[in-house]
2 protein chains.
Amino acid sequence: MHSFYIEPPVDGQAALLPEESRHALKVLRLRPGDELCAMDGDGRRWRAELLYGGEDGAVARLLEELDGHEPPVRVTVYQGVPKADKLDLIVQKLTELGAARLTPVKLERCVVKLNARDGQKRRERLERIAREAAKQCNRGRAPAVDAPIGWAELLERLPKHELVLAPWEEAAGRRMKDAFAEASGARDIAVVIGPEGGMTPAEVAAMEAVGARTVTLGPRILRTETAAVTAAALAMALWGDL
Amino acid sequence: MHSFYIEPPVDGQAALLPEESRHALKVLRLRPGDELCAMDGDGRRWRAELLYGGEDGAVARLLEELDGHEPPVRVTVYQGVPKADKLDLIVQKLTELGAARLTPVKLERCVVKLNARDGQKRRERLERIAREAAKQCNRGRAPAVDAPIGWAELLERLPKHELVLAPWEEAAGRRMKDAFAEASGARDIAVVIGPEGGMTPAEVAAMEAVGARTVTLGPRILRTETAAVTAAALAMALWGDL
């Protein structure tokens, strides 16, 4: 069953967004009576059928509300800005794994320089990838994607989370499951992932000073995108629904 | 510290493989006395220093053996052959995560048709990616990469593993951690991942008949490559060293 984003429903009916209408009618050639999944983009999903399709768009009748498959834990990933298109991969995988928010962070060893206009285009692209991934994985809500933030902003945001985990290749001893044993009731978890060059000892110390706990992801050095996906998967398996 | 594959060591010295010599001398411009990591490709790693570099190659003196970072559990991933370059991503991530072997499998819903010659080129490419990933993640051994096998061969191989896990979107109830509680002592684990279209109920039933246990990876539908990486990460976190 294909999924489509809709306008706010009225009386059990909803118009598909313009681009979604085109895709449903011109590419997939759906006809009245065909089943589809309607998503409001804000967490709700319905089994629906196409009621009308024409030049002015498509309208669906909502038949039955479906589960939005939102996990019971909020996982926010603060990702040291990586090179090239790694963020594309990260946002797609984090959407499937159920993360709530992706916030790129400029850390000392980031090699990518972003200007404000590129940053905005980049963010729109990431939001589009997240929305498409949410459709494909049957999740009612795409994760929020922030514009890149700086170091000071990160240190302000971290203490607002119940639990902050910082996978670090020089951390030894505490594994993700040990962190779970220490704080199994946490429902708002932040994970901080270093860029390609890793986090500096000074960055780690400053984050620990505001409450972050370093964890190890094993003795092999994971690439930054592998670390992000692995940490999110483990957090969701331990605290969430995976 | 950069890593290089070497010929078998003799008297505490070893020649770098020809391509590795070129990379060390021409690209990285290492000089005698510079430190490097030497790998025999079979699990052993050494801190070493460049002894000699010339037209006929490079030779290193081995100073101290390093940990090969091989996990205490063998994880074999049987991957339903996916489209395009997803196998590249999968083999790279499985190497970092510590998997022992990747075996592509032709399942009913695979859409890719492989001929024997393409298959051989593809396999060489995957082996190269695995070897490069092993260098980068400080792992002494790259996972073995098989040529694609068929369904009959899969059913013969599965019972040879101690534990066979088959993540399936229609499985409910048993999560990876439940499988761990049932068989925490397993040291040779197979994971079977369906292709883009998933596994058929008949395939799942046949695998269960030879001892496979279905598990859920949560209510969101993971793409095939996300499922492979997630299942390997969870297996390594539960049974291994991650």
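For clarity, every value in this text was computed on a predicted model and none was experimentally measured.

A word on the overall build of chain A. The secondary structure content of chain A amounts to 7 helices and 11 strands. A principal-axis box enclosing the C-alpha atoms of chain A has dimensions of 60 × 40 × 30 Å. Counting the 242 residues in chain A, one finds 52% classified as buried. Of the contacts made within chain A by residues no fewer than 6 positions apart, 74% connect residues no fewer than 24 positions apart. Split by element, the accessible area of chain A, about 10,800 Å² in all, is 48% carbon and sulfur. Across chain A, the centroid of the 35 positively charged side chains sits 4 Å from that of the 37 negatively charged ones.

Time to look at the domain arrangement of chain A. Residue and element names in this part refer to chain A. By the assigned domains, chain A splits into domain 1 (3–66) and domain 2 (74–239). Here the C-alpha centre of domain 2 lies 33 Å away from the C-alpha centre of domain 1. Between domain 1 and domain 2, the residue contacts involve 10 residues of the former and 7 residues of the latter. Of the roughly 810 Å² buried at the junction of domain 1 and domain 2 (both faces included), carbon and sulfur atoms supply 45%. If you look at where domain 1 meets domain 2, you find 2 salt bridges. Two residues, Lys 135 and Glu 20, come together in a salt bridge whose shortest N-O distance is 3.0 Å.

All right, on to empty space enclosed by the protein then. Going through the model one piece at a time under the given rule, you end up with 1 cavity of 30 Å³ or more. Of the pockets and cavities examined, the largest cavity occupies roughly 70 Å³. Every residue along the wall of the largest cavity is listed here: Leu89(A), Lys93(A), Glu225(A), Thr226(A), Val229(A), Leu89(B), Lys93(B), Glu225(B), Thr226(B) and Val229(B). Its residues assigned to classes, the lining of the largest cavity comprises 4 nonpolar, 2 polar and 4 charged.

Turning next to the sheet that holds strand β5 (residues 57–66) of chain B. Residues and elements named next belong to chain B. Spatially, the 5 strands line up as an open sheet ordered β1-β3-β4-β5-β2, and their pairing is mixed. Each of the sheet's edge strands pairs with one partner strand only, and the pair in question is β1 (3–5) and β2 (13–15). In this sheet, neighbouring strand axes are inclined to one another by 45° on average, regardless of whether the strands run parallel or antiparallel. Here strand β4 (residues 45–54) pairs with β5 via 9 bridges, running antiparallel. Across the sheet, Arg 47 pairs through a bridge with Glu 64, a residue of β5. Against the sheet, helix α1 (residues 18–27) makes contact with β1, β4 and β5, and its axis sits at roughly 150° relative to β1, the strand it touches most. Across the sheet, helix α3 (residues 116–136) lies against β1 and β3 (35–39), angled at about 140° from β1, the strand it touches most.

Residues and elements named next belong to chain A. Strands sit in the order β1-β3-β4-β5-β2 across an open sheet of 5 strands; the sheet is mixed. Where the open sheet ends on each side, the last strands, each with one partner, are β1 (3–5) and β2 (13–15). Each neighbouring strand pair of the sheet contributes to a mean axis angle of 45°, computed without reference to strand direction. Each of β1, β4 (45–54) and β5 (57–66) touches helix α1 (residues 18–27); the most contacted strand, β1, lies at about 150° to it. Along the sheet face, helix α3 (residues 116–136) touches β1 and β3 (35–39) and points at about 140° away from the line of β1.

Turning our attention to the environment of Tyr52(B). Residues and elements named next belong to chain B. As for its position among the elements, Tyr 52 is in strand β4. For Tyr 52, a relative accessible area of 39% corresponds to the partly exposed category. Tyr 52 has contacts with Gly 57, Ala 58 and Val 59, leaving out every residue within four places of it along the chain.

The next thing to look at is the relation of the copies chain B and chain A. For these two chains of identical sequence, chain B goes onto chain A by a turn of 180° and a shift of 0.0 Å along the axis, with RMSD 0.0 Å. What we have between these two chains is a two-fold relation. The overlap is high: 100% of the interface residues of chain B also sit at the interface in chain A, so the same surface is used on both sides.

Attention now goes to the pattern of salt bridges. Across all of its chains, the model carries 44 salt bridges over all chains by this definition. Salt-bridge contacts for Glu182(A) lead to Arg213(A); the nearest nitrogen and oxygen are separated by 2.7 Å. Of this pair, Glu182(A) sits in helix α5 (residues 176–182) while Arg213(A) sits in strand β11 (residues 213–215), placing them 31 residues apart in sequence. Residue classification places Arg213(A) among the partly exposed residues on the basis of a relative accessible area of 25%. Three or more residues joined by partner-sharing salt bridges are found here, namely Lys86(A), Glu196(A), Arg223(A), Glu225(A), Lys93(B) and Glu96(B).

How each quantity is defined
- Residues numbered from 1 in each chain as written.
- Chains lettered and ligands numbered in written order.
- Predicted model: local features only at pLDDT ≥ 70, side-chain atom pairs only at ≥ 80, totals over all residues.
- Heavy atoms only, no water.
- Helix = DSSP H or I, 4+ residues; strand = E, 2+ residues; numbered from the N terminus.
- Buried < 20%, exposed > 50% of the residue type's maximum accessible area, 1.4 Å probe, protein only.
- Contact = heavy atoms within 4.5 Å.
- Areas by Shrake-Rupley, 256 points an atom, 1.4 Å probe, with all protein chains shown as cover.
- Lys, Arg positive; Asp, Glu negative; His and termini not counted.
- Charge placed at Lys NZ, Arg CZ, Asp CG, Glu CD.
- Domains from an automatic or database assignment.
- Buried area = accessible area lost by both parts, 1.4 Å probe.
- Salt bridge = Lys/Arg side-chain N within 4 Å of Asp/Glu carboxyl O.
- 1 Å grid on protein atoms, 1.4 Å probe; cavity = no way out; pocket = protein on both sides within 12 Å on 5 of 7 lines; lining within 4 Å.
- Points joined across faces, edges and corners; volume = space filled by probe spheres on them.
- Nonpolar A, V, L, I, M, F, W, Y, C, P; charged D, E, K, R; others polar.
- Pairing = 2+ DSSP bridges.
- Axes fitted to C-alpha atoms, helices over the stretch in contact; angles between N-to-C directions.
- Least-squares fit on C-alpha atoms with pLDDT ≥ 70 in both.

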